[in-house]
Amino acid sequence: LPEPLFGRDFRQMTQVIANMKIVAKAMTLLLAALFLADPVFAEGDPEAGKELGYSCLGCHGIEGYRNAYPSYRVPKLGGQKAGYLVIALKGYRSGERSHPTMEAQATSLTDRQIEDVAAYLASLVDDLPAAAGSEAPPPAAACVACHGQNGISVNAQWPTLAGQYESYLEHALRQYKNGDRANAIMVAQAGLIADEDIPLLARYFSRLQGLETTKAE
């Protein structure tokens, strides 16, 4: 038998309300991030960072290269902004992010060296496309407030998700959800995402045009 009209309308209205609540929470977190954001980073020197940054391409410069355990594809860096790369490296150095190899690499670098490496890696890829992607699924309503409707970050200190490997995005979200990554904004945000929606979000952003595997010049 066909579903009564009022039943469909009620479910649609419930979904709209749920999405509005998610967006409201996301905007609260976004405002908190803006007020608590780190000071503007010094601009690094790409030439100075080339020698140190070249070793990064041993993993990040190989298309489809996999982390051994747990198994996921090593993230693409081509197209990420220097500001975000600085934050990520400092996160590994401080223990906010957990990965033995990345922690060892980051702890060997000074602030200035991190800024130089980030500037070098960011210089290897031209600007990403600005065209909007397909309509985001409802669970992504909160994500697009910072990461953009098309997965291209709206702030140089936040990562672009478009084109990133699906397995890496899923791994990163689960790390935030279980506390293995300690960023307060993302831990709170990931806590709002249902487990079954994590693969859906990873698949959506991975299929947008965006990041590339970084290649040495």
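Residues numbered from 1 in each chain as written. Predicted model: local features only at pLDDT ≥ 70, side-chain atom pairs only at ≥ 80, totals over all residues. Heavy atoms only, no water.

S.K.: Quick one: what's the story with the overall build of the chain, residue by residue and with numbers?
M.R.: Counting secondary structure elements, the chain contains 10 helices and 2 strands. When the helices and strands of the chain are read in sequence order from the N terminus, they spell out α-α-α-β-β-α-α-α-α-α-α-α. Here the chain holds 217 residues, and 43% of them are scored as buried. Pairs at least 24 residues apart make up 72% of the contacts formed inside the chain by residues separated by at least 6 positions. Within the structure as shown, the chain displays about 12100 Å² of accessible surface, and the carbon and sulfur contribution to it stands at 58%. (Helix = DSSP H or I, 4+ residues; strand = E, 2+ residues; numbered from the N terminus. Buried < 20%, exposed > 50% of the residue type's maximum accessible area, 1.4 Å probe, protein only. Contact = heavy atoms within 4.5 Å. Areas by Shrake-Rupley, 256 points an atom, 1.4 Å probe, with all protein chains shown as cover.)

S.K.: Explain unusual backbone geometry to me, and be specific about the residues and the numbers.
M.R.: In this chain, Y69 is followed by P70 through a cis amide linkage whose omega measures -10 degrees. With respect to the helices, strands and loops of the structure, P70 is situated in the loop between β1 (66-67) and β2 (72-73).

S.K.: Kindly report on the side chain of S206, identifying the contributing residues and their values.
M.R.: You can see S206 is positioned in helix α10 (residues 198-206). Take S206: its relative accessible area is 18%, and that puts it in the buried class. From its side chain, S206 meets the backbone oxygen of R203 in a polar contact 2.9 Å long. Ignoring anything within four residues of it in the chain, the contact list for S206 reads G163, Q164, Y165, E166 and L169. (Polar contact = N/O pair within 3.5 Å; in protein donor to acceptor, adjacent residues only side chain to side chain.)

S.K.: So what about the layout of surface pockets? Which residues, and what values?
M.R.: To find the voids left in a structure, one rolls a probe of water-molecule size over its atoms. Taken as a whole, the second largest pocket encloses approximately 230 Å³ of empty space. In terms of lining residues, the second largest pocket is bounded by 14 residues, among which G79, Q80, K81, D127 and L128 are the most central. Partitioned by chemical class, the residues of the lining of the second largest pocket number 6 nonpolar, 5 polar and 3 charged. (1 Å grid on protein atoms, 1.4 Å probe; cavity = no way out; pocket = protein on both sides within 12 Å on 5 of 7 lines; lining within 4 Å. Points joined across faces, edges and corners; volume = space filled by probe spheres on them. Nonpolar A, V, L, I, M, F, W, Y, C, P; charged D, E, K, R; others polar.)

S.K.: Let's hear about the side chain of T160: which residues, and what values?
M.R.: You can see T160 is positioned in the loop between α7 (144-147) and α8 (166-178). Accessibility expressed as a relative area gives 5% for T160, which makes it buried. At 3.1 Å, the side chain of T160 forms a polar contact with the backbone nitrogen of S153. When residues no more than four places from it in sequence are discounted, the contact partners of T160 are Q80, L128, G151, I152, S153 and L211.

S.K.: I'd like a rundown of the nonpolar core, residues and numbers included.
M.R.: Core analysis: the largest hydrophobic core is formed by 18 residues, its most contacted members being L201 and F205. Only α8 and α10 provide two or more residues apiece to this core. The dominant element in this core, judged by the number of residues it contributes, is α10, at 5 residues. Excluding residues that lie within four positions of it along the chain, F205 makes contacts with A140, C143, G148, G151, L161, A162, G163, Q164 and L169. Among the nonpolar cores identified, the runner-up in size contains 17 residues, and L77, L85, V117 and L124 belong to it. (Core = buried A, V, L, I, M, F, W, Y, C linked by side-chain atoms within 4.5 Å.)

S.K.: Give me the packing of helix α2 (residues 46-54) against helix α6 (residues 111-122): which residues, what numbers.
M.R.: Contact pair α2 / α6: the axes reach a minimum separation of 7 Å and the direction vectors enclose 90 degrees. With respect to their mutual orientation, α2 and α6 come out roughly perpendicular. Contacts between α2 and α6 involve P46, A48, G49, K50, L52, G53 and Y54 from the former and Q113, D116, V117, A119, Y120 and L121 from the latter. Tallied by class, the residues present in the contact of α2 with α6 amount to 8 nonpolar, 3 polar and 2 charged. (Axes fitted to C-alpha atoms, helices over the stretch in contact; angles between N-to-C directions. Parallel < 35°, antiparallel > 145°, perpendicular 65-115°, else oblique.)

S.K.: Give a detailed account of the packing of α8 against α10, specifying residues and quantitative values.
M.R.: One way to put it is that α8 packs onto α10 with a least axis distance of 8 Å and a crossing angle of 140 degrees. Relative to α10, the element α8 is oriented oblique. Remark: the crossing between α8 and α10 carries right-handed chirality. Across from E166, L169, E170, L173, R174 and K177 in α8, the residues of α10 making contact are I198, P199, L201, A202, R203, F205 and S206. When its residues are assigned to classes, the contact of α8 with α10 shows 7 nonpolar, 1 polar and 5 charged. (Left-handed = near helix turned anticlockwise from the far one by under 90°.)

On their own, these measurements won't tell you what the molecule is for.
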